[in-house]
Amino acid sequence: MSGKQIYIIGNWKSNKNSQEVKDWFHAIKNIKSDHEIVVCPSFIHLPLAKILCTTLNLPLKIGAQDVSPYSIGAYTGEVAAEQLKEMVEYVIIGHSERRKNFKEDDNILFEKVKRATEAGLKPIFCVPDENTSVPEETHLIAYEPVWAIGTGKSDTPENANTVIGKIKQKYPGKIVIYGGSVTSKNISLFISMENIDGVLPGKASLDAMEFSQMISVVSQI
Ligand code: PGA
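This text gives an overview of the structure that appears in the document. As the structure is a prediction and not an experimental result, all values here were calculated from the model.

### Focus: the overall build of the protein
For the protein, the count of helices and strands is nine helices and eight strands. Along the longest, intermediate and shortest principal axes, the C-alpha atoms of the protein span 45 × 40 × 30 Å. Among the 221 residues that make up the protein, the fraction classed as buried is 53%. The contacts in the protein between residues at least 6 apart in sequence include a share of 68% that link residues at least 24 apart. For the protein, the centre of its 24 positive side-chain charges and the centre of its 26 negative side-chain charges are spaced 3 Å apart.

### Looking at the packing of aromatic side chains
Each aromatic ring pair is summarised here by two numbers: the centre-to-centre distance and the angle between the ring planes. Following the criterion strictly, the structure yields eight aromatic pairs and no others. Here the aromatic rings of Tyr70 and Tyr75 are separated by 4.1 Å at their centres, their planes lie at 5 degrees, and the arrangement is stacked. Here the aromatic rings of Tyr143 and Tyr178 are separated by 5.9 Å at their centres, their planes lie at 55 degrees, and the arrangement is tilted. Separated by 35 residues along the polypeptide, Tyr143 in strand β6 (residues 140-143) and Tyr178 in strand β7 (residues 175-178) bring together distant segments of the chain. Exposure class is identical for Tyr143 and Tyr178. Each is buried. One aromatic cluster is present, built from ring pairs that chain together Trp12, Trp24, Phe25 and Phe211. Between the NZ or CZ atom of Arg98 and the centre of the ring of Phe102, over which it lies, the distance is 4.0 Å.

### Here's the deal with the layout of surface pockets
In this structure, the largest pocket spans a volume of roughly 300 Å³. In terms of lining residues, the largest pocket is bounded by 14 residues, among which Lys13, Ser14, Gln65, Asp66 and Arg98 are the most central. The greatest single-element share of the lining of the largest pocket, amounting to three residues, is contributed by helix α4 (residues 96-101). By residue class, the composition of the lining of the largest pocket is four nonpolar, six polar and four charged.

### Re the site of the ligand
Taken together, 13 residues lie near the ligand, and Lys13, His95, Glu144, Gly150 and Gly202 sit nearest. Ser181 places a main-chain nitrogen or oxygen 2.8 Å from an oxygen atom of the ligand. A total of 280 Å² of accessible area belongs to the ligand in isolation, and the protein chains cover 98% of it. With respect to the pocket detection grid, the ligand is positioned in the second largest pocket. When its residues are assigned to classes, the shell around the ligand shows four nonpolar, six polar and three charged.

### Here we look at unusual backbone geometry
Despite not being glycine, Lys16 shows a phi value in the positive range, around 85 degrees. With respect to the helices and strands, Lys16 occurs in the loop between β1 (7-11) and α1 (18-27). Taking relative accessible area as the criterion, Lys16 reaches 22% and is therefore assigned partly exposed.

### Quick look at the pattern of salt bridges
Charged atoms that come close allow side chains of opposite charge to pair. The full count for this structure, using the stated rule, is 14 salt bridges. As a salt-bridge pair, Lys122 and Glu89 come within 2.8 Å of each other at their nearest N and O atoms. With Lys122 in strand β5 (residues 122-127) and Glu89 in the loop between α3 (81-84) and β4 (90-93), the pair connects residues that are 33 residues apart, well separated along the chain. A relative accessible area of 25% places Lys122 in the partly exposed class.

### Some thoughts on the environment of Val217
Among the structural elements, Val217 can be located in helix α9 (residues 208-219). What makes Val217 buried here is its relative accessible area of 15%. Separated by 30 residues in the primary sequence, Val217 and Ile187 have C-alpha atoms spaced 7.7 Å apart. If we skip the residues at most four places from it in the chain, Val217 touches Ser184, Ile187 and Ser188.

### A closer look at the environment of Phe125
Tracing the backbone shows Phe125 in strand β5. A sequence separation of 27 residues divides Phe125 from Arg98, and the C-alpha atoms of the two residues are 12 Å apart.

### Some points on the state of the cysteines
Counted by the stated rule, this structure contains zero disulfides. With no disulfide of its own, Cys40 lies 9.3 Å from the sulfur of Cys126, the closest cysteine sulfur. The exposure class of Cys126 is buried, given its relative accessible area of 1%.

Rules used in this analysis
Residues numbered from 1 in each chain as written. Predicted model: local features only at pLDDT ≥ 70, side-chain atom pairs only at ≥ 80, totals over all residues. Heavy atoms only, no water. Helix = DSSP H or I, 4+ residues; strand = E, 2+ residues; numbered from the N terminus. Buried < 20%, exposed > 50% of the residue type's maximum accessible area, 1.4 Å probe, protein only. Contact = heavy atoms within 4.5 Å. Lys, Arg positive; Asp, Glu negative; His and termini not counted. Charge placed at Lys NZ, Arg CZ, Asp CG, Glu CD. Phe/Tyr/Trp six-rings, centres within 6.5 Å; stacked < 30°, edge-to-face > 60°. Lys NZ or Arg CZ within 6 Å of the ring centre and 35° of its normal. 1 Å grid on protein atoms, 1.4 Å probe; cavity = no way out; pocket = protein on both sides within 12 Å on 5 of 7 lines; lining within 4 Å. Points joined across faces, edges and corners; volume = space filled by probe spheres on them. Nonpolar A, V, L, I, M, F, W, Y, C, P; charged D, E, K, R; others polar. Near = heavy atom within 4 Å. Polar contact = N/O pair within 3.5 Å; in protein donor to acceptor, adjacent residues only side chain to side chain. Areas by Shrake-Rupley, 256 points an atom, 1.4 Å probe, with all protein chains shown as cover. Sits in = over half its atoms within 2 Å of the grid points. Salt bridge = Lys/Arg side-chain N within 4 Å of Asp/Glu carboxyl O. Disulfide = S-S within 2.5 Å.

Following this line, the structure appears as structure tokens:
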């Protein structure tokens, strides 16, 4: 376990106004970490999050929650990877909420990963199981069983470890993390598992104290 680089990637989804974003960053301003800590606010808050991260000198990276499958150009309402590149290092692609509510299929998701990697972004590609296809360029894979997302009922660390082991066999060399009702209470169980490289908390990442607590648990392992 020692020496393993752990990823904690907070997905804020469609939450927080600008004041709440400021409050969150100020509340975590004393965190310290040698691990890879990423927070993914809504598009509109990315510039603010980036400024706060820099001015408060936080050991934190910024990610987006989605990206256009198209390049820059006449695509009303979309945010292109080339634009995002100014603000973020990571981008979540294929979250189950996008697959379900916005009918995003493999064709679109694979295009998004292409656009992201061409622009130099690191895609975090979400899959609900070990059978879902993953594009070769993906930097990081997040195993997120749909029934565990936002339900307060996480997968067992043992099962998550088994599924992630299968994903790693299929896609050797990839970083693979677990998401679905991760909190400061159960995070250590997941990251102690051999195959699990980190976690993707949603709801628990919204609360600055809870997020700091997760970072502190990880630094003690
Ligand atoms: P949750 O969300 O932690 O609120 O279950 C996880 C996710 O959707 O990535």
